[in-house]
Each structure stands twice: as C-alpha cells, then as structure tokens.
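# Analysis of the macromolecular model
So the chains spell out like this:
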Amino acid sequence: MTTLLLMVALALPQEAVQDMTVTVGTLEGRPAATALSPLQARIDAARSGDRIDVQAGTYTGDLFIHRSIRLVGHGRPRLIGSGLGSVVRVRADDVLIEGFDIDGQLGGSLARDSSGIHVAGRRVTIRECRIVRSLFGVYLREADDAVVEGCDITGTEGRSAGEQGSGVHVWNAQRFTLRNNRVRYSRDGFYIQSANHGIVIGNEVSHVRYGLHYMNSDDNRFEDNTFQHGAAGAALMYSRRLTFARNRFLHNRGFASVGLLLKDCEDVVAEDNLVADNERGFFIDGAVRHLFRRNLVSSSDVAVVVYDSSQANRFEGNTFVGNLSPLRLVGRRTDTVFDGNYWSGFHEPDLDADGVRDRPYRLSNVFDHLRGNLTAADLFAQGIGARVLAHAEQTFPVLRPVAVSDVRPLTSPPPRGAIPLMPAQDAGRTFGGLALSALGVVAGLAVFHAGRRR
Amino acid sequence: MAFTLCAQQEVRLSVRSRWTQTFTVVFAALALAVATSGYVLSGGSGTQDFSRTAASLVELVLLLVPLTSLVFGVMALTPDPGAAQLLYSQPVPRTVVLFGQLAGLCLALLAAQAVGFGAAGLLIFQRAGSDGVFGFLGVVAGSCVLTVVFLAVAATITAGSTSLRRAHHLAVALVVWFAAVVLFDVAALGAASLLRSGAASRLLMVAAIVNPVDAVRTGTLLTVDGTTAFGAASLAFLRMTGGTTGAALTLAASLVVWIVLPLGIAAARVRRADL
C-alpha cells in the first residue's frame, strides 16, 4: 500500500493524496423518530411495488426507504434534511426516486457517507433530482444496476476537497448508469471505485477537483461527457478496458492540471474527444496498449505527457493545434507510436502531395529539452526567444536524435467527424469592457483629429 | 508652457505622418486578427478563452511596440540640422524641448495603440467575461509602459544629434530592439543551460526582471492568468520576489529604472551636445 501511495503521490497534486485511503463508512440506518420526514408514514404503510405520489411542498426530515416503491414528486417537492445524516436512505431493491429537490443542510459526516440520496440496494433509479448542500450528492454503495439520470448536484462552493464528498460516488456497484447529470462545486464530479461494466454518458461536470476520479474498475464506457474547470478532467488508475468517446476535457488549468490522466491502466481507447485549454492534454503513466485516435488536442501547455513506464501505445489521426509543446517524455525512451497525426506547428513541405509531409516530425525541441530540467524556464516558454530557439533547432538539429517522432505527419487536419464542439461561451458580453474599448478607439481617434486641425 | 508647445507640435507632426497612420492601421489589424483567431482555431467554435487571446496580444505588443517606439523615436528626435538649430536657439532649456517632444510622441503612439486595443476589445468583450477587463487593462498598461521605456531609449540613442546621423541611429535602434526582444531571451536560456539548476533558476528569474520586455511580459501574464501563467515557475517567481506585491514592486522598479535612467542620460547628452 505504501508503494501504491507513493506512486500516486508522484503523479497527482498533493491534496489528492490525502484521501487515497478511502474507507467506506458505516451504513446509516433508520433515522430517529424526531428526525423523520412527514412522508415516512406513507412509506411505512406502503407495500412493495406501490407508487407514492408526493405533491409540491416542503417536507423536513429524513426518509428511510425499506420497501421496493416508486417515489414520484409532482411540482418539485422539497425534501429538507434533518442535518444529521443522509436525507434519503434507500435500503431496498427496485426503488425509483423521481422529481425532488433535496437540501442536505450540510449535515452528517463524511465518515458515514452522508448524502443527498444514499443507495444500498439493487436496481435503484434516481431521476431528475436536484441536490444541494449535502456532503455527497448520490452515493451508490454496493448498489448493482443503479441508474442516476438527469440529476443536478451542486456542492458547496469554496469548500476544500477534504471537507466534502463527490457529486456521485460509486463504490463496488456493478453495471451502473450515470446519464445526463450535472455536477458542480463538489470534491470530485464522479468517484468510481471497484465498479465494472458501467456507462457514463452525457454528463457535465465543472468546478470540481477531478471531473472523474476512478480506480480499479474495468469495462466501463464514457461518452459525450464534459469535464471542465477542474484540477483534472479525468484521473483514472489501475483499470482495464475503458472507452472514451466524444467527451470534452476543457479548461483544466492550474497546478499539475491535466485533461485525461491514465495511470497503470490497460487497453484504453480514447477517440473523437475534444481536449482543449488544459495545462496538459493526455497524460499516460504505466499505460499498456492504449489507443488514442481522432482526438482534437488544442491550446495546452503540453499536448501529451508520456512516462517511459508505458508500453505499446498508439496515437493515430489526432489533431494537435496551438499547443505550446507537443510532447513531454518523462524518462529515457518510449515505444509509443505517433502515426498520421496533424501538428499545427510543423510546416515541412509535402512535395509528392500525398497528404503526408515528407519528413517525420520530431516531437521535441531544444526549448522543451531545456525546460525539462528547469522549472524557471517556463517563465520564457511563451516568449519570442523560445520560439526562435525551437525554430532554429528544427532547421539545424543539435540535440541527439530524440526517439519520438510522428512518422507520417499530416499536411492538414483530418475531418472533424464526431469530435464535439466547444460549448457556447456563456460569459457573454461585458458592457464595461465594450465601453472601455469604445472609449479607447474614440480617444485615440480624437488625438489624431486634434492633431490634424490647423 | 514651452513644454506643452513642444508636445503639441510633436503630436501634430506625428499624427500627420504617414508612418504613424500606417502603424495605427497595422496594429489595429493585427490586434483584430489575434482577437478573431480564437474562432478560427477549431472550426469556428473558438477554443481560446480570454487568457489565451490576451497571451497572443501580449506577444504582438512585445514584438511591435518596442520596434515602433524606437524607430519613431529616432526619426522624430533627429531633426534636420537647420530645424535643430532653430529649435534649440529658442530661450527654452534644451531638456524641456526634448521632454516636450517625447511627451508628444508618446501621446501620438499611445493614441495609435488605443485605437488598436479598442478595436480588439470591442471584439473580445462580445464574449469574454467581466474578469477579462482587468487582464485586458493589464495588457494595455504593459503596452503603454513599453512605449515610454523604448522612447526613452530612443532619446538616449539620438539625444542632441541631427538627421545627418539618422541612419546610424536607426541601425543602433534596430540592434537594441533585436537584443532586447530576441537575443536576451536566447542568451539567458543558453546561459541557464550551462549552470547548475539552482543558479540557473535564479539567473532566469533575474533575467525576467531586468529586461524591460521580459518584465512587461512577466507582469502582464501574471496579471491576466495569475499563477497559472507559468505553472510552477510562477510560484517560484513570486517566492523569490516576496509575494504578489513584491513581484509587482520589483517589476515596476525595473521598468522605472528603464525609464528614468535613459531619460537622465539623454538629458545630460542633449545639454552637452554641440550643435
């Protein structure tokens, strides 16, 4: 375990290390009578298979669901927790919860996994719920075949990662489905551990530590998700046979930030993803047989980071645009293959007009070589001097040949295909900025006008 | 009074000059190109947010502003011999004439840049959030400071001389520009690669402060992006300079020295010059 912790510590920001030893909390039982919701009587009176319709209104207190019922809210009834633990505790199989606004009152404790909805039962579906002010949003504990869809989970903005839980926490639950959810301001968007054969599709996660935090889980698919504004878009470890398609990893900037981090994983396929404006785009360490194809990696400081512990990985048909540096290789050599990618910084001619440039593209320049040993060199990375150096070295190579190059760099980016677009800029107009700019133009022209007068 | 007159005269001359007008148009066009490039990058969807746009703007400023300030400064401060004799025979201290001219020139150049920044800003703030305003003002401020610095350097190069030596001064100005903008960084990185890492770090951080171009770049990017600007290097830089305030003061001090010192030398030279 110590070795494992050490390895993780090397790859991740410091804060991540603290909660690596995730312990599963004690299972919260039936709340005390004083903490129960007025709805509890209806649940206690129901038989398995019943449907309980809840009208709009505010219901204070926790719910203990110990029968296989369908609990459906109409007009978005509000469930306000007692502040002592999880607001809704599902302890039966085949439960449906739909259409509630849940306020956790920041109650309970991380040690007991206090959540908006805590599920310890099989085939449970949670749909269209809004969860605020709870430590965990939805917690799936050994809850096989669970579905969480259309939920909106908002953590507490400004709380540090150690003080709250994840948006959706999946632990030892097989065949889960997380679809079209939205998570903000939680510790991690989705935390998934020891959960196989799941699907995560169409979710939007932003302003969290890791959009997706993931360990020891195999055969899972991730499609059409957006992970943005975090310390990492997705950080996955010790897992096998994962597929990433059409996801967006955006704006993950800050210390040691990364779009998609894969550590000690095997057989991962990532295709048609948009990886834009991250400090580092793809990061692979101890990766075995990964295939990255048709992704668009743009505006990163470093597009791809490869540790030499990785084996038999391929990058094919990707588009790399506007990255400060194409590749950082940590270690001496790698057998990673780059074949048929497009690189915006490479302008070698294509005299035989076959769409492939006439010389391989060496994925390293003298500036990258320098900065590899020296953090302070980053102060100059965006300067003109660094560009001049890089360009000069492409023309007159002075470094020993670096092992990594793209053997068939494309002359133009491959068709965009299924790669998703950037989300619409929701920042919108800034009238102060516009007014200042207009003022600048007017003032400048006024000087010109005044100067021309006789 | 004489100072204002000189400045006014210089503004008139500058804004009527084809060179200044061309600079205005070119600068505005390039700034607009930078502001739009975000859209172009990924099939019209724009993968650049404000900070990347600002970084590209900074790069444009660092290349263009020192060059134009130096060249225009040299051109304006090397009058024809007759004009120089007439000007300096007026009952006004020579330094007042010089500083008046510089002020006028500075105003004209800043007006040209204001048009360019304004045009770019009109485009950028169609979609940039309000936190971009502060960063954008940082870029504009950096540009203003660079203008003043390199006008002062131009004054040092040319003080008290006439158009007879204009070609010589222009050559010197170009060498100064190349050294400050390109050569200095390359030399600093080269030297750093030869040192041990501790010494190399210190060298690079000092280099980022003492060169006015690098000082403006470092300051502006830190303003726009905070500590994400240079990754871990930002923190190292802030630690060396004593926090945000310390960094701001250190960079400002360097730039003030780069304004005051050349102006002082220029004033001394113009007083002693034999016309």
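Residues numbered from 1 in each chain as written. Chains lettered and ligands numbered in written order. Predicted model: local features only at pLDDT ≥ 70, side-chain atom pairs only at ≥ 80, totals over all residues. Heavy atoms only, no water.

### A word on the overall build of chain B
When helices and strands are counted, chain B shows 11 helices and zero strands. Scanning chain B from its N terminus toward the C terminus, one meets helices and strands in the order α-α-α-α-α-α-α-α-α-α-α. Taken over C-alpha atoms, the radius of gyration comes to 20 Å for chain B, in line with the 19 Å a tight globule of 275 residues would show. Principal-axis analysis of the C-alpha atoms gives chain B an extent of 60 × 45 × 30 Å. A buried classification covers 53% of the 275 residues belonging to chain B. On chain B, the mean spot of the 15 positive side-chain charges and the mean spot of the 9 negative ones are 8 Å from each other. (Helix = DSSP H or I, 4+ residues; strand = E, 2+ residues; numbered from the N terminus. Rg over C-alpha atoms; globule rule 2.2 N^0.38 Å. Buried < 20%, exposed > 50% of the residue type's maximum accessible area, 1.4 Å probe, protein only. Lys, Arg positive; Asp, Glu negative; His and termini not counted. Charge placed at Lys NZ, Arg CZ, Asp CG, Glu CD.)

### With respect to the pattern of salt bridges
Residue and element names in this part refer to chain A. Applying the stated criterion across every chain yields a total of 38 salt bridges over all chains. One salt bridge connects Arg89 with Glu28, and the closest N-O pair in it is separated by 3.8 Å. Pair noted here: Arg89 is in strand S6 (residues 88-90) and Glu28 is in the loop between helix H2 (14-18) and helix H3 (40-45), with a separation of 61 residues, a long-range link. Here the two residues Arg89 and Glu28 agree in accessibility, since each one is buried. Three or more residues are tied together by salt bridges with common partners; here these are Glu28, Asp62, Arg89 and Arg112. (Salt bridge = Lys/Arg side-chain N within 4 Å of Asp/Glu carboxyl O.)

### Observations concerning the side chain of Ser115(A)
All names here are of chain A. Residue placement: Ser115 occurs in strand S9 (residues 115-119). Relative accessible area serves as the criterion here: at 1%, Ser115 is assigned to the buried category. In this structure, Ser115 is in contact with Ser86, Val87, Ser134, Phe136, Gly137 and Tyr139, ignoring residues within four places of it in sequence. (Contact = heavy atoms within 4.5 Å.)

### Thoughts on the pairing of strand S33 (residues 302-307) of chain A
All names here are of chain A. Within S33, five of the six residues are buried, which leaves it mostly tucked inside the rest of the structure. With four bridges connecting them, strand S30 (residues 280-285) and S33 associate as parallel partners. Within the sheet, the bridge partner assigned to Phe282 lies in S33 and is Val304. Taken together, the five bridges between S33 and strand S36 (residues 325-330) define a ladder with parallel strand orientation. The residue of S36 that forms the bridge with Val306 is Leu329. (Pairing = 2+ DSSP bridges.)

### A word on the pairing of strand S1 (residues 51-54) of chain A
Residue and element names in this part refer to chain A. Side-chain alternation along S1 places Ile52 and Val54 on a buried face and Arg51 and Asp53 on a face that remains uncovered. Inspection of the sheet shows S1 paired to strand S4 (residues 70-73) by four bridges, in the parallel sense. Note that in S4 the partner of Ile52 across the bridge is Leu71.

### Points about the packing of aromatic side chains
Using the criterion set out here, one finds 19 aromatic pairs over all chains in the structure. A ring pair is formed by Tyr214(A) and Phe222(A), whose centres lie 5.6 Å apart and whose planes are at 70°; its orientation type is edge-to-face. Exposure class is identical for Tyr214(A) and Phe222(A). Each is buried. The ring of Tyr210(A) is capped by Arg209(A), whose NZ or CZ atom sits 4.9 Å from the centre of that ring. Over the ring of Tyr88(B) we find Arg94(B), and its NZ or CZ is 5.7 Å from the ring centre. (Phe/Tyr/Trp six-rings, centres within 6.5 Å; stacked < 30°, edge-to-face > 60°. Lys NZ or Arg CZ within 6 Å of the ring centre and 35° of its normal.)

### What to know about the packing of helix H9 (residues 212-225) of chain B against helix H11 (residues 243-272) of chain B
All names here are of chain B. Remark: H9 packs on H11, axes separated minimally by 10 Å, with the N-to-C direction vectors making an angle of 145°. As for how H9 packs across H11, the hand of that crossing is left-handed. Of the residues in H11, those in contact with Pro212, Ala215, Val216, Thr218 and Gly219 of H9 are Leu251, Ser254, Leu255 and Trp258. The class makeup of the residues in the contact of H9 with H11 is six nonpolar, three polar and no charged. (Axes fitted to C-alpha atoms, helices over the stretch in contact; angles between N-to-C directions. Left-handed = near helix turned anticlockwise from the far one by under 90°. Nonpolar A, V, L, I, M, F, W, Y, C, P; charged D, E, K, R; others polar.)

### Here's the deal with the interface of chain B and chain A
Each partner contributes residues to the interface: chain B has 65 residues there, and chain A has 52 residues. Summing the contributions of chain B and of chain A, the shared interface buries around 4800 Å²; its carbon and sulfur component is 68%. Here chain B and chain A share zero salt bridges between them. At the boundary of chain B with chain A, the tally comes to two residue pairs in polar contact (both at pLDDT 80 or more). At 10 residues, helix H5 (residues 94-124) of chain B tops the list of elements feeding residues into the side of chain B that touches chain A. Of the residues in the side of chain B that touches chain A, the class split is 36 nonpolar, 20 polar and nine charged. (Buried area = accessible area lost by both parts, 1.4 Å probe. Polar contact = N/O pair within 3.5 Å; in protein donor to acceptor, adjacent residues only side chain to side chain.)

### Regarding the environment of Ala446(A)
Positionally, Ala446(A) belongs in helix H6 (residues 431-452). Distance from Ala446(A) to Pro360(A), taken between C-alpha atoms, is 53 Å for residues 86 residues apart in sequence.

### Topic: the nonpolar core
The nonpolar side chains of a soluble globular protein tend to be buried, and buried together. Counting 93 residues, the largest nonpolar core has Leu204(B) and Phe237(B) as its most contacted members. Those residues in contact with Leu204(B) that sit more than four places away from it in its chain are Leu374(A), Ala376(A), Ala377(A), Leu379(A), Phe380(A), Ala188(B), Leu189(B) and Ala192(B). Of all hydrophobic cores here, the second largest spans 76 residues; its members include Leu39(A), Ile117(A), Ala173(A) and Ala270(A). (Core = buried A, V, L, I, M, F, W, Y, C linked by side-chain atoms within 4.5 Å.)

### What to know about the confidence of the model for chain A
Per-residue pLDDT for chain A has a mean of 88; in total, 90% of the residues score no lower than 70. Long-range and interchain partners of residues 1-21 of chain A, a stretch whose pLDDT sits below 50, account for 29 contacts in this model, where long-range means more than four residues apart. (pLDDT = per-residue confidence, 0-100.)

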